[in-house]
Amino acid sequence: MVAPPQIWTILAVLQWTTRYFQEKGVSEPRASAEVLLAHVLGVSRLELYLRHDQPLTPEELAAYKALIRRRVQGEPTAYLTGHKEFWSLDFLVSPATLIPRPETELLVESLLEVLKNPPAPGRPGLKEGSAGRESIDLPLEGASPPLGLEVGVGSGAVIISLARELPHWRWLGVELSAAALQVARQNAFRLGVGERVRFVRGNLLGALRPGPRFQAVAANLPYIRAGDWESLPVEVRKFEPREALWGGEDGLALLRPLCQEAHLFLAKGGWLALEVGQGQAEAVQALLAETRAYEAITAVRDHQGIQRVVRARRQFT
Ligand SMILES: C[S@@+](CC[C@H](N)C(=O)[O-])C[C@H]1O[C@@H](n2cnc3c(N)ncnc32)[C@H](O)[C@@H]1O
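1. Comments concerning the overall build of the chain
Part 1 of the argument: Secondary structure assignment for the chain yields 11 helices and nine strands.
Part 2 of the argument: Its C-alpha atoms put the chain at 75 × 45 × 35 Å along the principal axes.
Part 3 of the argument: If the 36 positive side-chain charges of the chain are averaged to one point and the 35 negative ones to another, these points end up 3 Å apart.

Following this line, the structure appears as structure tokens:
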């Protein structure tokens, strides 16, 4: 057991908690200690160091101890504070929403890459010889203003980040969980895109009328295979919503129907981007190819070299 200090200053508390978390096998011990203490004191993590010799009041210490106890039981830091950063934005999260993962930023990035930067001249839909933005001559149906869709929004991290990056777009988010939808709506307004992002409760695309209305479709659906469930960290398996993770026997229980139907909703030349689990990219690419509706079907690798996103463009013909 770590010996307690004489006076509980901010620095002493951080040092003690870091060692205690290390002993108890808590992930990212120093970062977790800082995030929790900053939350209790209502200051930024940087400010903790500017006030490092400030002693904690008994009330602050009691509130912090209560959080430490829960953290050691496996409760994720983000659920304890109710916040998680994604795309450099502060998102509210609750036990009804998946905690947005840093690797999901690749889904946002992959889509922005093609939506912000039109494909190179000479490719379908572009006027030969003209450059960049002005050269788009895509037969995008209903293109003004462009409309995007996300299926399975959770906290809204993906759709809201996209909406912030593409200020002239409007977005529709579909989600099965009513409790998650509430959090996503709150986040959209807090982050200034509430007027351009609408949310609807639904099962995959079931609540929407088919039609080529969307210029982009994004999804990070559950994809954990049944066989991998037990090897998930306890803090994920025990605390995060199962319906946000469980992908059935092969992990594709939700991705498969989405791959089979998304083209019926995408405008010609519109883009689909899907986050996939490790080892699933090939199967997802094959599902999209089977529809004969896509071109440029590509797997995008994350910084660890894992094929994390599958991206494809709805054919023009
Ligand atoms: C992996 S989480 C992703 C959440 C968020 N997009 C993110 O990246 O942080 C998947 C989300 O899909 C939702 N979901 C699961 N099955 C669904 C279905 N059949 N239709 C719509 N949403 C579904 C879950 O409730 C969950 O919020």
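2. A look at the nonpolar core
Part 1 of the argument: If you look at the biggest cluster of nonpolar residues, it comprises 34 residues, and the most contacted ones within it are Leu 111, Leu 115, Leu 162, Trp 171 and Phe 199.
Part 2 of the argument: Contributions of two or more residues to this core are made by strand S2 (89-92), helix H6 (105-116), helix H7 (157-165), helix H8 (178-190), strand S5 (197-201), strand S6 (214-219) and strand S7 (266-275).
Part 3 of the argument: For this core, the element with the highest residue contribution is H6, accounting for seven residues.
Part 4 of the argument: Not counting residues within four places of it along the chain, the set of residues in contact with Trp 171 comprises Leu 147, Gly 148, Leu 149, Ile 159, Leu 162, Ala 163, Leu 166, Arg 196, Val 197, Arg 198 and Ala 216.
Part 5 of the argument: In this structure, Cys 259, Ala 281, Val 284 and Leu 288 belong to the second largest nonpolar core, which totals 31 residues.

3. Things to note about the sheet that holds strand S8 (residues 294-301)
Part 1 of the argument: If you walk across this open sheet you meet the seven strands as S5-S4-S3-S6-S7-S9-S8, and the pairing is mixed. Edge positions in the sheet fall to S5 and S8, since each has one partner strand and no second. Looking at each pair of strands side by side, their axes are set apart by 15° on average, direction ignored.
Part 2 of the argument: Relative to S6, strand S3 (residues 147-151) runs parallel, the two sharing four bridges. Its bridge partner lying in S6, Leu 149 is registered against Val 217.

4. Looking at the domain arrangement of the chain
Accessible area lost when the parts come together is the quantity often used to give the size of an interface.
Part 1 of the argument: Along its sequence, the chain is carved into domain 1 (10-73) and domain 2 (86-314).
Part 2 of the argument: Domain 1 and domain 2 are separated by 36 Å when their C-alpha centres are compared.

5. Side note on the site of the ligand
Part 1 of the argument: Taken together, 18 residues lie near the ligand, and Gly 152, Glu 175, Asn 203, Leu 204 and Asn 220 sit nearest.
Part 2 of the argument: Take Gly 154: an N or O atom from its main chain is 3.4 Å from an oxygen atom of the ligand.
Part 3 of the argument: Protein coverage of the free-state accessible area of the ligand, which is 600 Å², stands at 97%.

6. A word on the pattern of salt bridges
Part 1 of the argument: Taken as a whole, this structure holds 14 salt bridges when the rule is applied.
Part 2 of the argument: Across the salt bridge formed by Glu 34 and Arg 30, the nearest N and O atoms sit 3.5 Å from each other. On the criterion of helical spacing, the pair formed by Glu 34 and Arg 30 is a turn pair, its members being four residues apart in helix H2 (residues 29-41).
Part 3 of the argument: A relative accessible area of 9% means that Glu 34 is categorised as buried.
Part 4 of the argument: Linking Glu 165 and Lys 116 is a salt bridge whose minimum nitrogen-to-oxygen distance equals 2.7 Å.

7. A look at H7
Part 1 of the argument: Most of H7 is tucked away: seven of the nine residues are buried.
Part 2 of the argument: Taken residue by residue, H7 has Ala 157, Val 158, Ile 159, Ile 160, Ser 161, Leu 162 and Ala 163 as its buried positions.

8. Quick word on the packing of helix H1 (residues 10-23) against H2
Helix-helix packing is characterised by the crossing angle of the two axes and by the distance between the axes.
Part 1 of the argument: The geometry of H1 relative to H2 is characterised by a closest axis approach of 8 Å and an angle of 135° between their N-to-C directions. In this view, H1 runs oblique relative to H2, as classed from their interaxial angle. As for how H1 packs across H2, the hand of that crossing is right-handed. Every residue of H2 that contacts H1 at Ile 10, Leu 11, Val 13, Leu 14, Gln 15, Thr 17, Thr 18, Phe 21 and Gln 22 is listed here: Pro 29, Arg 30, Ser 32, Ala 33, Glu 34, Leu 36, Leu 37 and Leu 41.
Part 2 of the argument: Considered class by class, the residues forming the contact of H1 with H2 number 10 nonpolar, five polar and two charged.

Reading the values: rules and limits
Residues numbered from 1 in each chain as written. Predicted model: local features only at pLDDT ≥ 70, side-chain atom pairs only at ≥ 80, totals over all residues. Heavy atoms only, no water. Helix = DSSP H or I, 4+ residues; strand = E, 2+ residues; numbered from the N terminus. Lys, Arg positive; Asp, Glu negative; His and termini not counted. Charge placed at Lys NZ, Arg CZ, Asp CG, Glu CD. Core = buried A, V, L, I, M, F, W, Y, C linked by side-chain atoms within 4.5 Å. Buried < 20%, exposed > 50% of the residue type's maximum accessible area, 1.4 Å probe, protein only. Contact = heavy atoms within 4.5 Å. Pairing = 2+ DSSP bridges. Axes fitted to C-alpha atoms, helices over the stretch in contact; angles between N-to-C directions. Domains from an automatic or database assignment. Near = heavy atom within 4 Å. Polar contact = N/O pair within 3.5 Å; in protein donor to acceptor, adjacent residues only side chain to side chain. Areas by Shrake-Rupley, 256 points an atom, 1.4 Å probe, with all protein chains shown as cover. Salt bridge = Lys/Arg side-chain N within 4 Å of Asp/Glu carboxyl O. Parallel < 35°, antiparallel > 145°, perpendicular 65-115°, else oblique. Left-handed = near helix turned anticlockwise from the far one by under 90°. Nonpolar A, V, L, I, M, F, W, Y, C, P; charged D, E, K, R; others polar.

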